[in-house]
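Structure at a glance
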Protein chains: 2
Amino acid sequence: MTVLVPYETLLSLVTGIFRDRGVPGERAATAAAALCHGDLTGVTSHGTVNLTRLYLPLLDRGRMDPEADMHVQTDLGACVLADARRTLGLWSASQAMELACARASRYGIGMVSLRGATHIGCAGHHAARAVAHGMIGLIASNCGGQRIAPPPGGTAAMLGTNPLALACPAGDAHPFVLDMSTTVVPTGRVRAAAREGRTIPVGWLAAEDGSPVTDAAAFDRGEARLLWLGGDPETGAYKGFGLGLLVEILAALVPGAALGAVSADGERDDDIGVLALAIAPDLLRTGFADDAATLFDAVRGWPAQDPGAPVVYPGWHEGERAARFREHGVPIPTAVYEELCVASARMAG
Amino acid sequence: MTVLVPYETLLSLVTGIFRDRGVPGERAATAAAALCHGDLTGVTSHGTVNLTRLYLPLLDRGRMDPEADMHVQTDLGACVLADARRTLGLWSASQAMELACARASRYGIGMVSLRGATHIGCAGHHAARAVAHGMIGLIASNCGGQRIAPPPGGTAAMLGTNPLALACPAGDAHPFVLDMSTTVVPTGRVRAAAREGRTIPVGWLAAEDGSPVTDAAAFDRGEARLLWLGGDPETGAYKGFGLGLLVEILAALVPGAALGAVSADGERDDDIGVLALAIAPDLLRTGFADDAATLFDAVRGWPAQDPGAPVVYPGWHEGERAARFREHGVPIPTAVYEELCVASARMAG
C-alpha cells in the first residue's frame, strides 16, 4: 500500500526532521532533496525508507555530526582534498560536486576528494548537479571500512558495494545519469525483496560453494554472498570486482579514507571516501552541448526489438518518473510515510 | 604450437617493422612496447597477432599516419585537448598518459583528451605508465564510429567495446591494472576462440532472440551479438551498457571524436576518442604509497576458498606472467611469429 505525497510536502517533511536533529537550514534542505531523490526517481531502495533505518540512527548515535564544517586539507586549485568530519553525506557529496564544478569552470576539470564522509544516498543525484552547469559530473564512494562482498575466490567479505555515478547533459531531454553499485545489485534491493518476501533472480546472490541463492532473506542471515557485476569469473566477475577496487582507489585510497580490506571494523561504514569530479567540455571545445543532445537523441531513437519498449539510456526512466511524480505526487509506502510522520511529530513534542 | 621468443628480440622485431613503414624511431619503439605488452602479459588477443591483421593494414591503406604530429587544440594547464591526427594509437595513448602525468605533477590532476586517434591496443599498458610516476592512471577509449554491440532491447549495434583501464601503484608488488572492455569480453577473445575452433561460455554472445550462442564463429557471421558486462537486464546489462556510454562520453564526446551512435560508417573505427587522466595523490596528502602497498598486500593475503588459488587483484597475474616471460621468453604462436618474420624480411627486400 502506498500513499501519493506531493513532492514539496515530502521535501519539507524530511527537511523538518533533519532540522529537528540539529542540521542547519540550507544543509537540511539539500540533504532532504538527496534523500527524496530516491522516491522521486523510483529508486525506492535509496529513498525515505532509509531515514529511520540509516540516517536518524547515525545522528542519534553521534556517528554523524549535523553541524560540523568540512575542513579543506589541501587546495591545489583544480584539486581539493577535504575532511568531511562526519557531516551528512547526503549534503557533503552535493557540496563536493558543486565545488568540483566551480573549479572545473576555471581549470576545465575539478576534483574534490573527501575523507571522513558518511552515507551519501543516491550517488547519481549528486553527480547530476553538474548537468545544471552544462558539465559532466562523476561521483564515486566507497562504504568506508564496511565489508559486504567477498572477492572472487575469497571466503570473507572485503569491500562495500562501492557506487559509481556519471551524469551528462542530453540537451532538452532527461540527462544521462548512470548510478550503479559495482556489485550486481546494491544491498538495498536485496533487503527490499526480503521485506516484501519476494524471491530474487539467479545471479544476485550465491552460497559459499557458488550455487545460486534466490531467497533474499538469506543475505542478512549470512547464508549468501552478494556477487560482483559480471557474476561468474568467466562472464566478468573480475571486472565487477575490479570496478569495486577502482572505486576504492579513486574514492578512498586517494583521500586516505577507511578501506574495507584493512579496516578494524568491517561492520561499520565510518570514514567513507568520496570522489567528486567535474569536467567542463565547453572550456575545451565548441559544440559539446549540441553533440551531447544529438548523441542521446540517437540512443532514444535506436531501432528497438519491441516497439513498446524503446531503447533508453540510464537516467531516462528516472527522469520520466520524476516528472510524473512531481506533477501527481510521489508514491510512498504507507508504513514509511507513517514513520516519517511519527519522526516529524517528535518535533512538536 | 608456440615458440619462445626473447622479449628484446620480439620488441626489436616489431620496432623494425614499424620503422620500415615510416614510423619515426622512438615512436616505433613505444608502439612496439604497447603491442608486445599483450603477449608479455598473456593477453594474446591484444598482442602481436594484431600486427598483420589490424595495424599494418591501417598503415598500408593510409588510415593511420606514421609521421604526423599531434596537434594541441586547447591547453588549460590541468586539461589538454589534442587532435591525434591519425598517428599510431599505440603511441599517442602513451604520449597522452605521459602528458597527463606531467600536468598532474603540477596540478594534482591532469587530463588529456584526444580526438582523431587510432586503435590504442591494451588500454592498461598506457594507464600503467602513471605508476612509474607514483600516480594513478586512467585510460578510456571508444572505438571511433565503429558499432559492435547493440543496446539492451535494440536490434542494431550502437557502440564499440569501449575499454576502460585504471592503474595504481601497489608498493613493491605488481601494480593494480584493471583493463576491461565494457562488453562481457572484447571481440579479440571471441575471434581467438573462433580461430581455434573452441566453443565459448554461455553469457558472451546471444542470438537476436536473446538465446545463448556458444559458437564463437557465429559472431563474425553476423548471427550473434556481443553482450554488455552484466549479461541480462536483470543481472546488470544496463550497467554494462551504461559503462559503455560512460566511456563514449568521457573518451569521445568530450573531445568531439566520432560517436558510434551517430557515425556515418559503423564498420570503421576512424576518429577514435581517448581520455588519459592522471592523479598525483602525493600532492594531496602524505602516506599514499604506504597505504596503497598495505591495501594490495591485504587483498593478496585474503582468505581463499582454494589455498591453491590465492585471491588476487586485476594486474597481478599479468605482472607475474610478464616477469616470467621476460626471463624465459615470450610464447608466440608459431604462425604469428612466422608472420612477423615475413613482415620483417620485407625490410631487407
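- If you check an unreviewed UniProt entry, chain A appears there as Malate/L-lactate dehydrogenase from Amycolatopsis decaplanina DSM 44594.
- Listed in UniProt under the heading Sequence similarities (unreviewed entry), the comment for chain A reads: "Belongs to the LDH2/MDH2 oxidoreductase family."

What about the sheet that holds strand β9 (residues 212-213) of chain B?
- The strand order β9-β8-β10 (chain B) describes an open sheet built from three strands, whose pairing is antiparallel. One side of each edge strand has no neighbouring strand; the edge strands of this open sheet are β9 and β10 (225-226) of chain B.

Considerations on the packing of aromatic side chains
All names here are of chain A.
- Enumeration according to the criterion identifies ten aromatic pairs over all chains in this entry.
- Through a chain of ring-to-ring contacts, three or more aromatic side chains come together here, namely F176, F296, Y313 and W316.
- One residue, R27, lies across the ring of W91, its end atom 3.8 Å from the ring centre.

With respect to the interface of chain A and chain B
- On the side of chain B, 78 residues touch chain A, which itself brings 79 residues to the contact.
- Note on chain A versus chain B: buried area summed over both sides is about 6500 Å², and carbon and sulfur give 77% of it.
- Looking at the side of chain A facing chain B, the largest losses of area belong to A:K239, A:L284 and A:W302, adding up to 12% of the total buried there.
- Along the contact surface separating chain A from chain B lie zero salt bridges.
- Elements that contribute at least two residues to the side of chain A that touches chain B include exactly β3 (79-83), β4 (109-117), β6 (164-168), β7 (176-180), α7 (237-253), β11 (272-279) and α8 (288-300) of chain A.
- Looking at the side of chain A that touches chain B, its residues break down into 57 nonpolar, 15 polar and seven charged.

A short note on the environment of A:Y107
- Relative to the elements of secondary structure, A:Y107 occurs in helix α4 (residues 89-107).
- Put simply, A:Y107 and A:N50 are 57 residues apart on the chain and 37 Å apart in space, counted from C-alpha to C-alpha.

A word on empty space enclosed by the protein
- Applying the stated rule across the entire model yields two cavities of 30 Å³ or more.
- Size it by volume and the largest cavity reaches roughly 160 Å³.
- When residues of the lining of the largest cavity are traced back to their parent elements, those giving at least two are α7 and β11 of chain A together with α7 (237-253) and β11 (272-279) of chain B.
- In this structure, the second largest cavity spans a volume of roughly 30 Å³.
- Forming the boundary of the second largest cavity are B:L58, B:R63, B:T118, B:H119, B:D269, B:D270 and B:I272.
- When its residues are assigned to classes, the lining of the second largest cavity shows two nonpolar, two polar and three charged.

Description of the relation of the copies chain A and chain B
- For the match of chain A to chain B, the screw axis carries a shift of 0.0 Å, the RMSD comes to 0.0 Å, and the turn is 180°. Overall, the copies show the geometry of a two-fold rotation axis. For chain A, the smallest separation between a C-alpha atom and the rotation axis is recorded for A:G230, amounting to 2.4 Å.
- A symmetric contact is evident, with 99% of the interface residues of chain A recurring at the interface of chain B.

Quick word on the environment of A:V330
All names here are of chain A.
- Looking at the secondary structure, you find V330 in strand β12 (residues 330-333).
- Accessibility expressed as a relative area gives 0% for V330, which makes it buried.
- Placed 200 residues apart in sequence, V330 and A130 show a C-alpha to C-alpha distance of 24 Å.
- The residues contacting V330, other than those within four sequence positions of it, are V3, L4, V5, Y7, L10, D39, L40 and F325.

Conventions adopted
- Sequence order as written defines the numbering, with residues in each chain counted from 1.
- As a convention, the first chain written is A and the first ligand written is 1, with the rest following in written order.
- Confidence filtering applies because this is a predicted model: local features only for residues at pLDDT of at least 70, side-chain atom pairs given and counted only at 80 or more, and all residues used for totals across whole chains, interfaces and linings.
- Note that the side-chain values use all heavy atoms of the structure and ignore hydrogens as well as water.
- UniProt positions are given in the numbering used here, feature names are shortened, and annotations may be inferred rather than shown by experiment.
- Any two strands with at least two DSSP bridges between them are considered paired.
- Here a strand is any run of E in DSSP of at least two residues, a helix any run of H or I of at least four, and the numbering for each starts at the N terminus.
- Note on aromatic contacts: the rings of Phe and Tyr and the six-membered ring of Trp form a pair at centre separations within 6.5 Å, being stacked when their planes are under 30 degrees apart, edge-to-face when over 60 apart, and tilted otherwise.
- For a lysine, the NZ atom is tested; for an arginine, the CZ atom; a charge sits over a ring if that atom is within 6 Å of the ring centre and within 35 degrees of the ring normal.
- The criterion used for residue contact is that any of the two residues' heavy atoms lie within 4.5 Å.
- Two parts placed together each lose some accessible area under a 1.4 Å probe, and the buried area is that loss summed for both.
- Salt bridges are defined by distance alone: a side-chain nitrogen of Lys or Arg within 4 Å of a carboxyl oxygen of Asp or Glu.
- As a working rule, the residues Ala, Val, Leu, Ile, Met, Phe, Trp, Tyr, Cys and Pro are called nonpolar, Asp, Glu, Lys and Arg charged, and the rest polar, with Gly in that last group.
- A 1.4 Å probe that fits into a set of points on a 1 Å grid over the protein atoms alone but cannot get out defines a cavity; an open set with protein on both sides within 12 Å along at least five of seven lines defines a pocket, and lining residues are those with an atom within 4 Å of a point.
- Grid points are joined across faces, edges and corners, and a volume is the space filled by probe spheres set on the points.
- For this overlay, a least-squares fit was computed on C-alpha atoms, restricted to residues scoring pLDDT of at least 70 in both copies.
- A simple rule labels every residue: compare its accessible area, found with a 1.4 Å probe on the protein chains alone, to the largest value its type can have, and call it buried under 20%, exposed over 50%, or partly exposed in between.

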